[in-house]
Amino acid sequence: MNRGSKRWFKKFFSNFSAVLGFVLLLFFLGVALFAPYIAPPKPGRDAYMMPIVTWSSDPIPPSREHPFGVAGKRDIFYGVVWGTRTAFRIGIIVTISSTLIGLVIGSIAGYFGHLVDELLMRVTDIFMAVPFLVAALVLATILGAGLDKVIIALIVFSWMYPARLIRGNILQVKEEQFVMAAKALGVSDLVVILRHVLPNSIFPVLIQASMRMGSLVITAAALSFLGLGAPQGYADWGALLNYARNWMLGSQGQALQYWFMTVFPGLAMVLFVLAWNLVGDALRDIFDPRLRV
Amino acid sequence: MTQPQHENMLEVKDIKVYFYDDEGRELKAVDGVSFSVRRGETIALVGESGCGKSVTSMALLQLVDSRGKIVGGKVIFEGQDLLLLPEAKMRTVRGKDIAVIFQEPASALNPVYTIGEQIIEAIILHQKLSFRQAREVAREMLRLVGIPEPEKRLNEYPHELSGGMKQRAMIAMALSCRPKLLIADEPTTSLDVTIQAQILELIRELQKKLGMSVILITHDLGIVADMSQRVVVMYAGKVVEEADRTEIFKNPLHPYTIGLLRSIPRLDREQTKLETIPGVVPDPSSFPVGCRFRGRCLYESPTCCEVPPPTLVGNNHLVNCHHWQEVRQGKETARF
């Protein structure tokens, strides 16, 4: 390990919130990875479909058999555990694809400027002008049911943010003298972008991406809550909340009677978002070369 | 200028670089600049900030900001007009035949790569060397520019080096492909005085060792006196005077050159106040018609509304002024 990376590790672990974020993230990763052992699926069944455990549609409070209770005839614990995989899947696929699309568009716009920039940024504006949730909702409806459709809808309406960010950063970095110095050494445009401009402008984008990872999961959950996306019974935090829709207000005189229906999936979401935000913050502190002393 | 053709390694003829602002106005940042550089010679491009010296030098490499355009002229480098070369060919000239060192080493080095990585990139770009060999060359270059512990420095990031060390590394990078012409764009402006002298000495030494020509861009006439054989004085995008070093200092004929020389603080003379040139450099969008020094000049007359012709006065001394004769006479009576 060289001196540089040692220093990064030291910085990383000297920061409490960074450690907390990192531990939370590891915890979720662990849950996702070991889901088959934590909540074993019935053999021969699709593991992502929450098995039906009761015939009554009334929620059942937490018990020894169902530690998080039962909602919509399905075990909440099973849903939360396998929902972690769904959350990672949505978060990672959407974030990586939208960031890549945004990177390409933003880099081209920022580096070449002028007409190209004008054109691409106006397209970006058009996409941004549409309220994100509504747009994703409409597109997901048009595309039909299915997790993949939700993912597509989310990608289509979230690439603009990295695009704008990277464009702004490139505009700033390309005025730096080392870009001119690289050109004066005979480096080609493509290599200048890839080797000299991007590495100096990409960190804010990566940080933004890690933070968006969390919030995307919320958005995806919102879509499932509204009944779009994952099919009936699919292990997904938002779908679990959907089951709670009719029971949220509790019963006469017992407002919190069905607390378990919202608390467990909700807690999972909050912690998931928190983990990504803390890790994003930590990444910014450590990796941004311009903040290095 | 009167030298035979083959002696000139570089001949810049009437180069024009215009910029276009958002309203589509034409800004004639460099407007018909000509000069030449002989093999092994150092010429100094002198002038105030914004007079177009940096733009001129980067235009030699066809590197102009995207808002600007080279609209005319010739850059004949070893018999070939560089402005006619396609971009791909031009890239083989940049860095290999003509290299640049910049004013601020702190920003001219990429903060995310080590010194070694950056020098090696430059070497591999133009020479058929393996990574190992390139690294060897890079270490040799660092040694050549006087960086102690070159092996260790190769693995360090720019922010771990001092300003002077960074400039040395920058020079090592520029010289790693043994260019024939070095453009030094205010190489010492951002360094403190003791380091300045070292860096200039280094450039001079390496110039002798490698036999290259140097275009030194500066506004510091002290450096000019120290380093260059010929001096080209620029004002507002035009050459106002060109002469050998001793001639410029002993016998300046353009009022602007005289103003520049007078505004150097001197220890050998009693001075209560430093002389300045009245007024400011005109905005490129509203250069005066005719002589661009009009309005700041003591010798101004109605004839100055015409563009002053370049006049050869004496040995290799070129001046663009209608009144150079009066200037010469006036000087004999003045205290300068």
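Each remark here, short or long, concerns the structure printed above.
Residues numbered from 1 in each chain as written. Chains lettered and ligands numbered in written order. Predicted model: local features only at pLDDT ≥ 70, side-chain atom pairs only at ≥ 80, totals over all residues. Heavy atoms only, no water.

Asker: Any details on the interface of chain B and chain A? Residues and values, ideally.
Answerer: Chain B puts 32 residues into the contact, and the matching count from chain A is 22 residues. Taken over both partners, the interface formed by chain B and chain A buries close to 2,300 Å², and the fraction arising from carbon and sulfur atoms is 56%. Counting across the interface, chain B meets chain A through one salt bridge. Here A:Arg195 ties to B:Glu121 by a salt bridge, and the two come within 3.2 Å at their closest N and O atoms. Along the contact surface separating chain B from chain A lie 10 residue pairs in polar contact (both at pLDDT 80 or more). Considering every element that reaches the side of chain B that touches chain A, the biggest residue donor is helix α4 (residues 115-126) of chain B, with five residues. Residue composition of the side of chain B that touches chain A, by class: 16 nonpolar, seven polar and nine charged. (Contact = heavy atoms within 4.5 Å. Buried area = accessible area lost by both parts, 1.4 Å probe. Salt bridge = Lys/Arg side-chain N within 4 Å of Asp/Glu carboxyl O. Polar contact = N/O pair within 3.5 Å; in protein donor to acceptor, adjacent residues only side chain to side chain. Helix = DSSP H or I, 4+ residues; strand = E, 2+ residues; numbered from the N terminus. Nonpolar A, V, L, I, M, F, W, Y, C, P; charged D, E, K, R; others polar.)

Asker: Outline the packing of aromatic side chains, supporting the account with residue identities and numerical values.
Answerer: All names here are of chain A. A full pass over the atoms with the stated rule returns 16 aromatic pairs over all chains. Taken together, a centroid distance of 5.5 Å and an interplanar angle of 80° make the contact between Trp 237 and Phe 272 edge-to-face. With Trp 237 in helix α12 (residues 237-243) and Phe 272 in helix α13 (residues 259-287), this residue pair connects regions lying 35 residues apart in the sequence. Here Trp 237 and Phe 272 have matching classes, each one buried. Relative to Phe 264, the ring of Trp 259 has its centre 5.6 Å away and its plane inclined at 55°; by these criteria the two rings are tilted. (Phe/Tyr/Trp six-rings, centres within 6.5 Å; stacked < 30°, edge-to-face > 60°. Buried < 20%, exposed > 50% of the residue type's maximum accessible area, 1.4 Å probe, protein only.)

Asker: Mind laying out the pairing of strand β9 (residues 230-235) of chain B, listing which residues take part and the relevant values?
Answerer: Residues and elements named next belong to chain B. Taken across its six residues, β9 has six buried, putting it largely inside the fold. Of the two faces of β9, both are covered, the one formed by Arg 230, Val 232 and Met 234 as well as the one formed by Val 231, Val 233 and Tyr 235. Relative to strand β10 (residues 238-244), β9 runs antiparallel, the two sharing six bridges. Counterpart to Val 232 in the pairing with β10 is Glu 242. Between the end of β9 and the start of β10, which pair antiparallel, lie two residues, with Ala 236 showing a positive phi angle near 50°. (Pairing = 2+ DSSP bridges.)

Asker: Break down the sheet that holds strand β12 (residues 318-320) of chain B for me, citing the residues and quoting the values.
Answerer: Residues and elements named next belong to chain B. Read across the open sheet, the eight strands follow the order β6-β7-β8-β3-β9-β10-β12-β11; overall the sheet is mixed. Taken across any chain shown, the strands that pair with only one partner, and hence form the sheet edges, are β6 (98-101) and β11 (310-312). The sheet shows a mean angle of 20° between the axes of neighbouring strands, direction not considered. Packing against the sheet, helix α11 (residues 255-262) makes contact with β3 (42-46), β9 and β10, and its axis sits at approximately 105° to β9. (Axes fitted to C-alpha atoms, helices over the stretch in contact; angles between N-to-C directions.)

Asker: Would you mind going over helix α8 (residues 193-210) of chain B in detail, with residue names and values included?
Answerer: All names here are of chain B. Compared with the 26 Å implied by 1.5 Å per residue over 18 residues, the 26 Å span of α8 between its first and last C-alpha is a close match. Residues Gln 196, Ile 199, Leu 200, Leu 202, Ile 203, Leu 206 and Gln 207 constitute the buried set of α8. Around the axis of α8, the buried residues are gathered within 155° of arc, so they sit on the same side. Opposite the packed face of α8, turned more than 90 degrees from it, sit the exposed residues Thr 194, Lys 208 and Lys 209. Among the residues trailing α8, Gly 211 stands out with phi positive, at a value near 65°. (Expected span 1.5 Å × (residues − 1). Arc of directions from axis to C-beta.)

Asker: If you had to explain the pattern of salt bridges to someone new, which residues and values would you point to?
Answerer: Taken as a whole and judged by the stated rule, the model has 29 salt bridges over all chains. A salt bridge links B:Arg67 to B:Asp65; its shortest N-O distance comes to 3.0 Å. With relative accessibility at 44%, the residue B:Arg67 sits in the partly exposed group. B:Asp65 gets classed as partly exposed once you look at its relative accessible area, which sits at 27%. Among the charged side chains, a network of salt bridges with common partners joins A:Glu118, A:Arg122, A:Asp125 and A:Arg164.

That is the geometry; function is a separate question.
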